[in-house]
Amino acid sequence: MAFNWFRRQFSDRAATPAEEKPDPPAVEPLSEPTEVGSEASPDVAADYLNWAKAAYTNIQQQQKEDGGKESSEEPVNIDVNQVDTPSDEPLSSDIESTPLPFWAANSDKLARLERLKSTAIEVPAEIVQAVATEATSEVSTEPGLAFDEGFLWSAEILAAQGRRPEDVSVEEITWLKKLRQGLDKTRRNLVNQLKAIVGQGPLNQAAVMEIETLLLQADTGVEATDYIINALQDHLKQEALPPDAAIAYLKQILQDMLDRPLQQAYIPIFVPEKDRLNIWLITGVNGAGKTTTIGKLAHIAQKSGYKCLIGAADTFRAAAVEQVKIWGQRSGVEVIANPGHNTDPAAVVFDAISAAQARGTELLLVDTAGRLQNKKNLMDELSKIRRIVDKKAPNAKVESLLVLDATLGQNGLRQAEIFAQTAKLSGIVLTKLDGTAKGGIALAVVKELGLPIRFIGAGEGVEDLRPFSSYEFVEALLSS
């Protein structure tokens, strides 16, 4: 069964009270979390180990049951002349049978999640090593899925969010390991130095300057850096915290900052609606990973059971249409393209909408031309495309996403400012985090522009783009 990434982040828990699954008998429930900043006891480490073992065993069973079930259908690239031809077979959907995760829990579940997050435990390296050594001797591993320190860390992150071992998938474990590895450059520059600084007690001016330098080097931005320092200073003036407790409080500050746009002007649920046309306009400058992001989004939609199409409206850049067709083949999604060169992008969008309506498509991804934020004529083209969408598909749910290259740092922030004024942005897709030591740009975008991060990329593969979770991002950023 395909794993639904859209529902993972934004839907309710897998089990409602009426259909709640029993706990696996071999796994004891996690013991009461320790105080924030306290070291993990052997009993707590053993609880996480038991949880990880149960999750690993369940994943092995899933892989055995799902073996040989993958489809090998070939995707089709079509021209606009074919837009009136209905699709031969609708894409199958596993949505109804896919268990709903916990992410959009109601108030009492959210309160429980906050308690778990606030007391999240960082297992010391010596305990992790001992646990990994003991675990690997007891658990038989499957090829391609190692029961290693990365698996244990990923399992701890999922357990701390209230997940059940039987609900964890190999896709989640693999993604968390990639995310942590992708943020490794930023993390190495931050964690040890931050622990040394914030563990000295109430912040003095010298310590403030050191933290400010660290955050600015990570491209956190002046506004976000000032906010973080002030919040830390206010708290540390009241009590002196040990390094682990101070880092835990810093995590809380960062997560609250990343979640703030969703609590104010933007909807927290960013997921295509079933049985309705959703149109996502993907914008950005050339080189940010825009076309690649479209292919990865199409892959997520396809695996999550949505009927998806791609509109190749980047008609200005050489070989752009060919590139998006290649990504359509990789993701198994049809591409609507105009065979001519330098054609009107708005015309391609019109034809793509016609094709989507004829096929009952649920998600249309539109690849717009890459443009610099200071090119007025190209920026005006975005407004023209939006007008075509509103006129041709008045009942569609339309979103605009800006793809930002994390390696650009503050230059990317300047781009986002202009695009936000023109494209009516719904959020940011942050790419190439695995290639930079400046992962703090995520905080700068959210704090200075008030834009939520919707997706995050940490690799070049088709599986390396996933919906953004502030909790997982902060843990991967600041974990020991």
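Structure first, text after, so check above.
Calculation rules
- Residues numbered from 1 in each chain as written.
- Predicted model: local features only at pLDDT ≥ 70, side-chain atom pairs only at ≥ 80, totals over all residues.
- Heavy atoms only, no water.
- Helix = DSSP H or I, 4+ residues; strand = E, 2+ residues; numbered from the N terminus.
- Buried < 20%, exposed > 50% of the residue type's maximum accessible area, 1.4 Å probe, protein only.
- Contact = heavy atoms within 4.5 Å.
- Areas by Shrake-Rupley, 256 points an atom, 1.4 Å probe, with all protein chains shown as cover.
- Phe/Tyr/Trp six-rings, centres within 6.5 Å; stacked < 30°, edge-to-face > 60°.
- Salt bridge = Lys/Arg side-chain N within 4 Å of Asp/Glu carboxyl O.
- Pairing = 2+ DSSP bridges.
- Right-handed = clockwise from strand over helix to strand, strands pointing away.
- Axes fitted to C-alpha atoms, helices over the stretch in contact; angles between N-to-C directions.
- Parallel < 35°, antiparallel > 145°, perpendicular 65-115°, else oblique.
- Nonpolar A, V, L, I, M, F, W, Y, C, P; charged D, E, K, R; others polar.
- Core = buried A, V, L, I, M, F, W, Y, C linked by side-chain atoms within 4.5 Å.
- Expected span 1.5 Å × (residues − 1).
- Left-handed = near helix turned anticlockwise from the far one by under 90°.

Chemist: Provide a residue-level description of the overall build of the protein chain, including the pertinent values.
Modeler: A tally of helices and strands in the protein chain yields 17 helices and nine strands. Taking all 480 residues of the protein chain together, the buried fraction comes to 54%. Long-range contacts, defined here as pairs at least 24 residues apart, represent 83% of the contacts in the protein chain between residues at least 6 apart. Accessible surface computed for the protein chain: about 20900 Å², of which carbon and sulfur atoms make up 49%.

Chemist: Account for the packing of aromatic side chains, with residues named and values stated.
Modeler: The tally for this structure, following the rule as stated, stands at seven aromatic pairs. Between Tyr 56 and Phe 151, the ring centres sit 5.3 Å apart and the planes meet at 75°, which makes this aromatic pair edge-to-face. Of the two residues, Tyr 56 sits in helix 2 (residues 42–66) while Phe 151 sits in helix 5 (residues 149–160), which places them 95 residues apart along the sequence. Classification of Tyr 56 by relative accessible area gives buried; the value is 0%. Judged by relative accessible area, which is 0%, Phe 151 ranks as buried.

Chemist: Provide a residue-level description of the pattern of salt bridges, including the pertinent values.
Modeler: In the structure shown here, the tally under the stated rule is 19 salt bridges. A salt bridge links Arg 359 to Glu 334; its shortest N-O distance comes to 3.5 Å. Placement of Arg 359 in helix 13 (residues 345–359) and of Glu 334 in strand 4 (residues 334–337) is noted, with a sequence separation of 25 residues between them. Residues Glu 463 and Arg 466 are paired through a salt bridge, measuring 2.3 Å at the closest nitrogen-oxygen approach. Judged by its relative accessible area of 27%, Glu 463 falls in the partly exposed class. Among the charged side chains, a network of salt bridges with common partners joins Glu 171, Lys 303, Glu 463 and Arg 466.

Chemist: So what's going on with the side chain of Ser 154? Residues and values would help.
Modeler: Here Ser 154 shows up in helix 5. When neighbours within four sequence positions are excluded, Ser 154 is seen to be in contact with Ile 173, Leu 176 and Lys 177.

Chemist: Got a sec to walk through the pairing of strand 7 (residues 427–431)? Specific residues and values, please.
Modeler: For strand 7, a buried count of five out of five residues is recorded, marking the element as mostly surrounded by other parts of the structure. The two faces of strand 7 match: Gly 427, Val 429 and Thr 431 on one face and Ile 428 and Leu 430 on the other face are all buried. In this sheet, strand 7 lies alongside strand 6 (residues 397–405) in parallel orientation, the contact comprising five bridges. The partner of Leu 401 across the bridge, within strand 7, is Gly 427. This β-α-β element, strand 6 to helix 15 (residues 410–422) to strand 7, shows right-handed connectivity. Relative to strand 8 (residues 453–457), strand 7 runs parallel, the two being bridged by three bridges. Each residue of the ladder has a partner; that of Ile 428, found in strand 8, is Ile 453.

Chemist: Go over the packing of helix 7 (residues 184–198) against helix 17 (residues 470–478), please, and point to the residues and values.
Modeler: Helices that pack against each other are described as a pair by the angle of their axes relative to one another and the distance between those axes. The contact between helix 7 and helix 17 brings their axes to 8 Å, and the two run at 70°. By the angle between their axes, helix 7 is roughly perpendicular relative to helix 17. Contacts from Thr 186, Arg 187, Leu 190, Val 191 and Leu 194 of helix 7 reach helix 17 at Ala 476, Leu 477 and Leu 478. Across the contact of helix 7 with helix 17, the residue classes tally to six nonpolar, one polar and one charged.

Chemist: With reference to specific residues and values, describe the environment of Ile 267.
Modeler: Turning to its location among the elements, Ile 267 is positioned in the loop between helix 10 (243–263) and strand 2 (278–283). Linking Ile 267 and Ser 426, residues 159 residues apart in sequence, is a C-alpha distance of 8.8 Å. Residues in contact with Ile 267, not counting those within four places in the same chain, are Leu 262, Glu 399 and Arg 454.

Chemist: Summarise the nonpolar core; cite the residues concerned and give the values.
Modeler: Counting residues in hydrophobic clusters, the biggest one holds 106 residues, and the most contacted among them are Phe 151, Ile 228, Trp 280, Phe 455 and Phe 473. Not counting residues up to four positions away in its chain, the partners in contact with Ile 228 are Leu 215, Thr 220, Leu 250, Ile 253, Leu 254, Met 257 and Leu 443. Core analysis: the next-biggest nonpolar cluster, separate from the first, contains 20 residues, Ile 279, Leu 309, Val 349 and Ala 396 among them.

Chemist: Outline helix 9 (residues 222–238), supporting the account with residue identities and numerical values.
Modeler: Because an α-helix completes one turn every 3.6 residues, residues spaced three or four positions apart along the sequence face the same direction. Between its terminal C-alpha atoms helix 9 stretches 25 Å, which fits the 24 Å expected from 17 residues at 1.5 Å a residue. Listed in full, the buried residues belonging to helix 9 are Ala 224, Thr 225, Ile 228, Ile 229, Ala 231, Leu 232, Gln 233, His 235 and Leu 236.

Chemist: Tell me what's going on with unusual backbone geometry, and back it up with residues and numbers.
Modeler: Positive phi is not limited to glycine here, since Asp 275 has a value of about 60°. Along the polypeptide, Asp 275 turns up in the loop between helix 10 and strand 2.

Chemist: Describe helix 7, with residues and values.
Modeler: The first and last C-alpha atoms of helix 7 sit 21 Å apart over 15 residues, in line with the 21 Å expected at 1.5 Å per residue. All of the buried residues along helix 7 are Thr 186, Arg 187, Leu 190, Val 191, Leu 194, Lys 195, Ile 197 and Val 198.

Chemist: An account of the packing of helix 10 against helix 16 (residues 441–449) is requested, with residue identities and associated values reported.
Modeler: Close contact between helix 10 and helix 16 brings their axes to 9 Å; oriented N to C, the two are set at 45°. Here helix 16 runs oblique to helix 10, going by the angle between their axes. Along this stretch, helix 10 crosses helix 16, giving a crossing that reads as left-handed. Every residue of helix 16 that contacts helix 10 at Leu 254, Met 257, Leu 258, Arg 260 and Pro 261 is listed here: Ala 442, Leu 443, Val 446 and Lys 447. Looking at the contact of helix 10 with helix 16, its residues break down into seven nonpolar, no polar and two charged.

Chemist: Mind laying out the pairing of strand 6, listing which residues take part and the relevant values?
Modeler: Most of strand 6 sits out of view: nine of its nine residues are buried. Every second residue of strand 6 is oriented toward a common face, with Lys 397, Glu 399, Leu 401, Val 403 and Asp 405 on one face and Val 398, Ser 400, Leu 402 and Leu 404 on the other, all of them buried. Of the strand pairs in this sheet, strand 2 and strand 6 are connected by six bridges, and their pairing is parallel. Bridging from a neighbouring strand, Asn 278 pairs with Lys 397 of strand 6.

Chemist: Lay out the environment of Ile 228 with the relevant residues and their values.
Modeler: Mapping Ile 228 onto the fold places it in helix 9. Separated by 22 residues in the primary sequence, Ile 228 and Leu 250 have C-alpha atoms spaced 7.8 Å apart.

Chemist: Explain the side chain of Asp 367 to me, using residue names and the numbers behind them.
Modeler: With respect to the helices and strands, Asp 367 occurs in strand 5 (residues 363–367). Judged by relative accessible area, which is 1%, Asp 367 ranks as buried.

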